[in-house]
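Each chain is listed here by its residues.
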Amino acid sequence: MDDYLESFGIYVHVPFCTSRCDYCAFHSSVNWTVDAQRTIVRRIIVDLHAIDPPRVPTTVYVGGGTPTALDPPLLDELLATLAARFAPVEFTLEANPESATDERLSIAAHHGVDRLSVGVQSLDPDTLRRIGRRGADVARIEAIRRRWPSTLSADLITGVPGVRPGSSRTDVDRLAAIGIDHVSVYGLSIEPETPLATRTRRGDAQAAEGWVELVDTIVSHGYRRYEVSNFSRGAPCLHNVGYWRQCDYIGVGPSAVSTIRVDPPDGSIAAIRIEQSIDHARWLSQPGWTNAATERLSMRDLMLEHLMLALRQVDGVSFARFTTRYGHDLRALAADEIDRLRDESLVVADRTTLRATRRGLDLLDPVLVRLFAAVCRNLDTVAT
Ligand code: SF4
């Protein structure tokens, strides 16, 4: 059995927020009542009961939206169900600073949540104002740290147009001093039709502060980079590692995505990706996953996804695992391109593994484009 398949993820999407951030393209509603929350949570619980508890270690991640926007008794009901049904080996709750109240943190701890992932995004008031986000300040994050003894993770956004250079590095200095265990840093993506897109001039995003310097700052505080955007002073996020290792996961809630491996009769591998309806009324009106859109991922899709996800991680691609899964030797499929990338110090390859270098991690998109092209070219040659 491929050990990459030996974990299972449950993701719960809570589609409520207390306010709408200007850059957000996620699915969430700010116009809710407690009754509306109850209807959604009860339906999520019905769907959770329809899942057979997996026989492999299970991680649970409650995200959104903003799970801590839930009315406390509903948060209690949801977390109690997840804890009892799946006994997760890692149990993450996303939280926003303004709604991570003592009451909600107590509920989370009571049900065994052992990772709190706080959407800090920035501690700089000017940055928060520019992205239309509220909630985070040093005092609030310090208070959460005092109240939350187990793993505390912070999400940061970088690359906000117009902010003071070095702002994200200052945020990292502050978070490290507060004692944050894990940091995820994402470049701001200016999605079409968001309020931020309408007021951002073309080219502003390119003026963003340096990513390389930011990574240096994070690492200088003792965080280990284990994935392009993720850094930890302790354990990695097992749930996200499961995604990157292409473990099966089931998503529950409006707009949640699931991916389940299937074994076609021809001996190859494939997967089904299922996306639940984003429309609450439609999602509520049909039981189970019948409202969902389904996409079949071919072996080639999975192979390219494997390359992309594995190279995002510092562990890289295991040649043996790649061959076992797909029946192709990656070294044969992309030998010349791997040599060129190695000559440019973008990857290292030994007898067992292909890894991106530090420079390769920072320039991963073009590295992947070149590897994908080489792999597809050779697969087409094999097929003809
Ligand atoms: S809190 Fe998160 S999900 Fe909610 S609007 Fe802001 S970015 Fe979007």
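What you are looking at is a predicted structure, and each value in this text was computed from that prediction instead of being measured.

About the cut-offs
Residues numbered from 1 in each chain as written. Predicted model: local features only at pLDDT ≥ 70, side-chain atom pairs only at ≥ 80, totals over all residues. Heavy atoms only, no water. pLDDT = per-residue confidence, 0-100. Contact = heavy atoms within 4.5 Å. Domains from an automatic or database assignment. Buried area = accessible area lost by both parts, 1.4 Å probe. Salt bridge = Lys/Arg side-chain N within 4 Å of Asp/Glu carboxyl O. Polar contact = N/O pair within 3.5 Å; in protein donor to acceptor, adjacent residues only side chain to side chain. Helix = DSSP H or I, 4+ residues; strand = E, 2+ residues; numbered from the N terminus. Nonpolar A, V, L, I, M, F, W, Y, C, P; charged D, E, K, R; others polar. Buried < 20%, exposed > 50% of the residue type's maximum accessible area, 1.4 Å probe, protein only. Arc of directions from axis to C-beta. Near = heavy atom within 4 Å. Phe/Tyr/Trp six-rings, centres within 6.5 Å; stacked < 30°, edge-to-face > 60°. Lys NZ or Arg CZ within 6 Å of the ring centre and 35° of its normal. Axes fitted to C-alpha atoms, helices over the stretch in contact; angles between N-to-C directions. Parallel < 35°, antiparallel > 145°, perpendicular 65-115°, else oblique. Pairing = 2+ DSSP bridges. Core = buried A, V, L, I, M, F, W, Y, C linked by side-chain atoms within 4.5 Å. Disulfide = S-S within 2.5 Å.

Caption draft 1: Summary view of the confidence of the model for the chain. Mean pLDDT for the chain: 90, with 93% of residues reaching 70 or above. When the criterion is pLDDT under 50, residues 201–208 qualifies, and its contacts beyond four places in sequence or with other chains add up to four contacts.

Caption draft 2: Seen up close, the domain arrangement of the chain. As far as domains go, the chain holds domain 1 (3–242) and domain 2 (300–383). Between the C-alpha centres of domain 1 and domain 2 there is a distance of 30 Å. With both sides pooled, the region where domain 1 packs onto domain 2 buries about 1100 Å², and carbon together with sulfur makes up 45% of that total. Applying the counting criterion to the domain 1 and domain 2 interface returns three salt bridges. With a shortest N-O distance of 2.5 Å, R312 and E227 are connected by a salt bridge. At the junction of domain 1 and domain 2, the tally comes to seven residue pairs in polar contact (both at pLDDT 80 or more). Taken together, the elements giving at least two residues each to the side of domain 1 that touches domain 2 come down to α8 (211–220) and β7 (224–227). Residues of the side of domain 1 that touches domain 2, tallied by class, amount to eight nonpolar, one polar and five charged.

Caption draft 3: Broad picture of helix α3 (residues 102–110). Residues R104, L105, I107 and A108 constitute the buried set of α3. Within α3, the buried residues cover an arc of 155 degrees as seen down the axis, which keeps them to one side. At the C-terminal side of α3, G112 shows a positive phi close to 90 degrees.

Caption draft 4: Representation of the site of the ligand. With respect to spatial proximity, the complete set of residues near the ligand consists of C17, S19, R20, C21, Y23, C24, S28, G65, T66, N96 and R133. Taken together, the residues of the shell around the ligand sort by class into four nonpolar, five polar and two charged.

Caption draft 5: Structural view of the packing of aromatic side chains. Per the stated rule, a full pass over the model turns up five aromatic pairs. Summarising the aromatic geometry, the rings of F16 and W32 are spaced 6.2 Å apart at their centres and angled 70 degrees between planes, so their arrangement reads as edge-to-face. Note that F16 is positioned in the loop between β1 (8–14) and α1 (34–49) and W32 in the loop between β1 and α1, a separation of 16 residues in sequence. For W32, a relative accessible area of 26% puts it in the partly exposed group. We note R43 situated over the ring of W283; from NZ or CZ to the ring centre the distance is 4.5 Å.

Caption draft 6: Just the packing of α1 against helix α2 (residues 72–86), in detail. Where α1 meets α2, the axes come as close as 10 Å, and the angle between the chain directions of the two elements is 5 degrees. The pairing of α1 with α2 is recorded here as roughly parallel in orientation. Across from V34, Q37, R38, V41, R42, I44, I45, L48 and H49 in α1, the residues of α2 making contact are L74, E77, L78, T81, L82, R85 and F86.

Caption draft 7: Expanded view of the pairing of β7. Where β7 lies against strand β8 (residues 230–232), three bridges are found, and the strand directions are antiparallel. If you follow R225 over to β8, its bridge partner there is F231. Between β7 and the antiparallel strand that follows it, β8, lie two residues.

Caption draft 8: Molecular detail of the side chain of S153. Mapped onto the elements of the fold, S153 is located in strand β5 (residues 151–158). For S153, the side chain forms a polar contact with the side chain of H182, separated by 2.9 Å. Setting aside residues up to four positions removed in sequence, S153 forms contacts with R115, L116, S117, V118, I180, H182, V183 and S184.

Caption draft 9: Summary view of the nonpolar core. Formed by 56 residues in total, the largest nonpolar core has its most connected members in L48, V62, L78, L79 and L82. When residues in this core are grouped by element, the largest group, six residues, is from α2. Residue contacts for L82: discarding those within four places in its chain leaves I10, V12, L48, V60, V62, A87, P88 and F91. Counting 32 residues, the second-largest nonpolar core is a separate cluster that includes L311, V317, A374 and V375.

Caption draft 10: Seen up close, the state of the cysteines. Under the counting rule described, the total for this entry stands at zero disulfides. Here C247 is not cross-linked by a disulfide; its sulfur's nearest cysteine counterpart is in C237, at 12 Å.

Caption draft 11: The arrangement of the sheet that holds strand β15 (residues 353–356) in detail. If you walk across this open sheet you meet the three strands as β13-β15-β14, and the pairing is antiparallel. Only two strands of the sheet have a single neighbouring strand rather than two, namely β13 (317–318) and β14 (347–349). Across two bridges, β13 lies against β15 in antiparallel orientation. The residue bridging V317 from the neighbouring strand is L354, located in β15. Each of β14 and β15 touches helix α14 (residues 335–343); the most contacted strand, β14, lies at about 120 degrees to it.

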